[in-house]
Amino acid sequence: MYQYDEFDADFVEQRAVQFGRQVEDRLAGKITEEQFRPLRLMNGLYLQLHAYMLRINVPYGCLNSTQMRKLAHIARVFDKGYGHLTTRQNMQFNWIKLSDMPAILLELASVEMHGIQSSGNCIRNITADEYAGASADEIEDPRVYCEILRQWSSLHPEFSFLPRKFKIAVSGSDRDRAAIKAHDIGLRLHKNEAGEAGFEVFVGGGLGRTPFIGQSIRAFLPTQHVLSYCEAILRVYNQLGRRDNKYKARIKILVHEMGGEAFGEKVEKEWAEIRETALELPESETARVGGFFAPPPHEKLDDDDSDLAGHMAGDPDFATWVEQQTARHREPGYAIVNVSCSPVGKPPGDISAAQMDGFADLADAYNFGEMRVTHNQNLVLTDVRKKDLFALWQKLVTLGLATANHGLISDTICCPGLDYCALANARSIPLAEKLSERFADQNKQKDIGEVYLNMSGCINACGHHHIGNIGIVGVDKKNSELYQLMLGGSAEEDASLGKILGRGFDEDGIVDAVELVIDTYIELREAGEKFIDTYRRVGPDPFKEKVYSAPA
Amino acid sequence: MPLLKNGNIIEDPYTRVTEGEELPGEGPILVDLALWQAQRDALVARSSEVGVQLAAGESPAAIAPDLEHIALVALEFPAFTDGRAYSYARLLRERHRFEGELRAVGDVLIEQLHFMDRVGFDSFDMKSDEAAEEWKTAQADMSVWYQPTGDERPTATRLRRS
Amino acid sequence: MHQVVIANRLTDGIVVFLGREQEWLEGLEGCQPAQDTAQAEALLARGTEAEAEQFVVGPELIEVELREGILVPVKMREAMRSRGPSVRTDLGKQAEN
Ligand code: SF4
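### Section: the overall build of chain B
(1) Moving on: Within chain B, the regular secondary structure consists of six helices and eight strands.
(2) Moving on: The linear arrangement of helices and strands in chain B, starting from the amino end, is β-β-β-β-α-α-β-β-α-β-α-β-α-α.
(3) Moving on: Relative to the compact-globule value of 15 Å for 162 residues, chain B shows a C-alpha radius of gyration of 16 Å, a close match.
(4) Moving on: Overall, chain B is about 55 × 35 × 30 Å in size when its C-alpha atoms are taken along their principal axes.
(5) Moving on: Looking at the 162 residues of chain B, the share that counts as buried comes to 51%.
(6) Moving on: Across chain B, the fraction of contacts at a sequence separation of at least 24, relative to all contacts at a separation of at least 6, is 45%.
(7) Moving on: For chain B, the exposed area adds up to about 7,200 Å²; of that, 47% sits on carbon and sulfur atoms.
(8) Moving on: Distance from the positive charge centre (17 side chains) to the negative charge centre (29 side chains) of chain B: 10 Å.

### Let's talk about the packing of helix H1 (residues 6–27) of chain A against helix H2 (residues 33–42) of chain A
Residues and elements named next belong to chain A.
(1) Moving on: Following both chains from N to C, one finds H1 and H2 inclined at 155°, their axes separated by 11 Å at the closest point. Taken together, the axes of H1 and H2 lie roughly antiparallel to each other. When the axes of H1 and H2 are compared, the crossing they make is left-handed. From H1, Arg15, Phe19, Gln22, Val23 and Arg26 reach across to H2, where they touch Glu33, Phe36, Leu39, Arg40 and Met42.
(2) Moving on: By residue class, the composition of the contact of H1 with H2 is five nonpolar, one polar and four charged.

### So, the pattern of salt bridges
Residues and elements named next belong to chain A.
(1) Moving on: Enumeration according to the criterion identifies 72 salt bridges over all chains in this entry.
(2) Moving on: Among the ionic pairs, glutamate 515 bridges to arginine 438, the shortest N-O distance being 2.6 Å. Placement of the pair is glutamate 515 in helix H16 (residues 507–524) and arginine 438 in helix H14 (residues 429–438), with a sequence separation of 77 residues.
(3) Moving on: Put simply, aspartate 494 and arginine 536 hold a salt bridge, and the shortest N to O gap is 2.6 Å. Here aspartate 494, found in the loop between strand E19 (480–487) and strand E20 (499–500), pairs with arginine 536, found in helix H17 (residues 531–538); they are 42 residues apart in sequence, far enough to count as distant.

Conventions and cut-offs
- All residue numbers refer to positions counted from 1 along the written sequence of the respective chain.
- For this description, chains carry letters from A and ligands carry numbers from 1, given in the order in which they are written.
- With pLDDT at 70 or above as the cut-off, local features in this predicted model cover only qualifying residues; side-chain atom pairs require 80 or more to be listed or tallied, and sums for whole chains, interfaces and linings still use all residues.
- To get the side-chain values, take all heavy atoms of the structure and skip hydrogens and water.
- The helix count covers DSSP runs of H or I at least four residues long, the strand count covers runs of E at least two residues long, and both are numbered beginning at the N terminus.
- Computation of the radius of gyration draws on C-alpha atoms, with the globule rule given as 2.2 Å multiplied by the number of residues to the power 0.38.
- Only protein chains enter the calculation, and the probe is 1.4 Å; a residue is then buried if its accessible area is under 20% of its type maximum, exposed if over 50%, and partly exposed in between.
- It only takes one pair of heavy atoms within 4.5 Å for two residues to be counted as in contact.
- Areas reported here follow the Shrake-Rupley algorithm with a probe of radius 1.4 Å; residue values treat only the protein chains shown as occluding.
- In this tally, Asp and Glu contribute negative charge and Lys and Arg positive charge; neither His nor the terminal groups of the chain are included.
- In plain terms, the charge of a residue is placed at NZ if it is Lys, CZ if Arg, CG if Asp and CD if Glu.
- Under this scheme, a helix contributes an axis fitted over its contacting stretch, all axes are lines through C-alpha atoms, and angles between N-to-C directions fall in the 0 to 180 degree range.
- Any angle between 65 and 115 degrees counts as roughly perpendicular, while under 35 counts as roughly parallel, over 145 as roughly antiparallel, and the rest as oblique.
- Handedness of each helix crossing follows the sense of rotation of the near helix against the far helix: counterclockwise by less than a right angle gives left-handed, clockwise gives right-handed.
- Residues were grouped as follows: Ala, Val, Leu, Ile, Met, Phe, Trp, Tyr, Cys and Pro as nonpolar; Asp, Glu, Lys and Arg as charged; and all remaining residues, including Gly, as polar.
- Criterion for a salt bridge: a side-chain nitrogen of Lys or Arg within 4 Å of a carboxyl oxygen of Asp or Glu.

Next up, the structure:
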């Protein structure tokens, strides 16, 4: 993974010192909240319902064990012993004191971390496929370009006051695990006929109040032009994006109002002016950054591990976990391990300091000291020897991180909602807990198969409800929580937006409704069909009928 | 309002003239785009400097062909959150090769000075009388830059290679 | 209509309420709700002063009611603020009592 050099280290430390000074000015009453608010937001510090909340960037989801232990330390010393993994692959702490911020930022800087640009109308943490560098179907490693983009976007002087926040995601496989079409810019690495790597460029995707799927504006962008092309997109957006209404300020609205083609033309025109500037990536830079993402020293192993088969035969729980949680690695004898942070009946994405420490130890023991955070609020170990899987699993069981629900209905995406978030209309975590309890039975979940259940506590859609196969969004109705149900969303290469099924439900009603939706799917599915396939084949009507004709 | 240039507070030599007002006989004047467009020939013919102020929605493309006659371009920040002028500044400096004074006016705050400096502004309408001090702090805060802009500061990428 | 002033304390962000002695309290127990608009305005004015003195952030009036002899916020959002997250009853104000 990338390691800071003196420039990166100075940059983060200087910023920490600067913010420390601003905090002291604020505490001394030298600046008002109005003046301070934009400053704290630029450093990832929000004021939420109960206290300050600090969002710490995990660049494109990559974390090492030292950093994880530092996060555990912060959770213990400065928070209430836990953190929360977000859908932008970041970590949030919910109970931060303003007066502790200078110390926290210096602690973070000491392990190459910070909260810069985790909020505000700027380029946010860039996200990527959590299997990057390990998956069998990868074309090129997206992390190299994520890191190059990360540096370019850090305190970009032209793009720090955009009309609205700006999110970029990069995928390096045909399978889209980074939801790139739900981003302001989505970059898909692929190869042209000559075998050269480049990006397909999507713009204008996004969720929230007015969701859109991103449109492709360029089929192939040679990789050395990634910065100039992004700069061209941002420059067009910065000048033309709407600033009169914050709900219409995202690039998706501009792209939609102008049309993808017209927008693309403007970008191409701007790009023609800047493509041959210092923004063009020299091969040496790509190679330098690429060096940090070289594969770890894998051993030469047989793909089949005899011990593994034995353990699986002997321990059905372990076998279930292996089947559900591991994915194919490109190296024989290795596996990618998904670690669920959505245990049944618990808040999805919450992780305790003890779990963080314990997990850091496991990363050291079995995964070359590294780990990933996923946009599904889970963790991943990318390079585990198959022969270590049993020992790893036993320790994950002890840590409470061995839930076998990857890609299943109880592995929900869920935003903090009204339990923490100042913008929320309704709670979302209790729903996630109830739903995961309702479907807790492993055989039942397994039988239902792959289905993504996403929920948000308001229209802002931090819980990605539009792109869940089943989506739930909380609305406020006369001071009671009401939930709307939508079906048919997808975050993957076949991205689509869910549609509202009908009238909303209360908390218990929505749990029942989801169960009826699943029952309908089971009745109607044909052999081999996933939930989304059946929904696309039969449309919403059979679901509607079942859900709304049930006796209340 | 104090005018900050090259780290010092200076007396603004420009007089603002808006449409409908009579042009003063001599001395540097700062006009808005409408006045520039209405009286371009008379303004070009003046012996002393002319500056043009662009509002937030006015692209520098509107004055690009005339830049040789313009000594000062003032770009407006109606609110510090409105960042259009950062792009305009770079376009003026890097695309249109404008070498005159580039002034930030409106909601110009100490925290933004660093960004403004990097995109090519060289004078600032400040709110506070401590602007010269603030400028020093802003300059001292950061010493690492990742983006190549027209200000020619060496980026981290460039320094790594040398 | 019964109202009190709620805010977050500047230094640590903790939720506080303006009490009957014009002091900031961490719970609603010592609050004297305003009964009419004039009283509410006076309360809020005091809250705004405290904001100007850089002691609290975001003071606002919220509606409260007496339930079984205890003052509680009417709205869900403020109820949450006065107690703590419903999914972690071991944390926040609800855990301290
Ligand atoms: S979706 Fe709404 S409730 Fe959920 S975290 Fe985002 S803003 Fe808060």
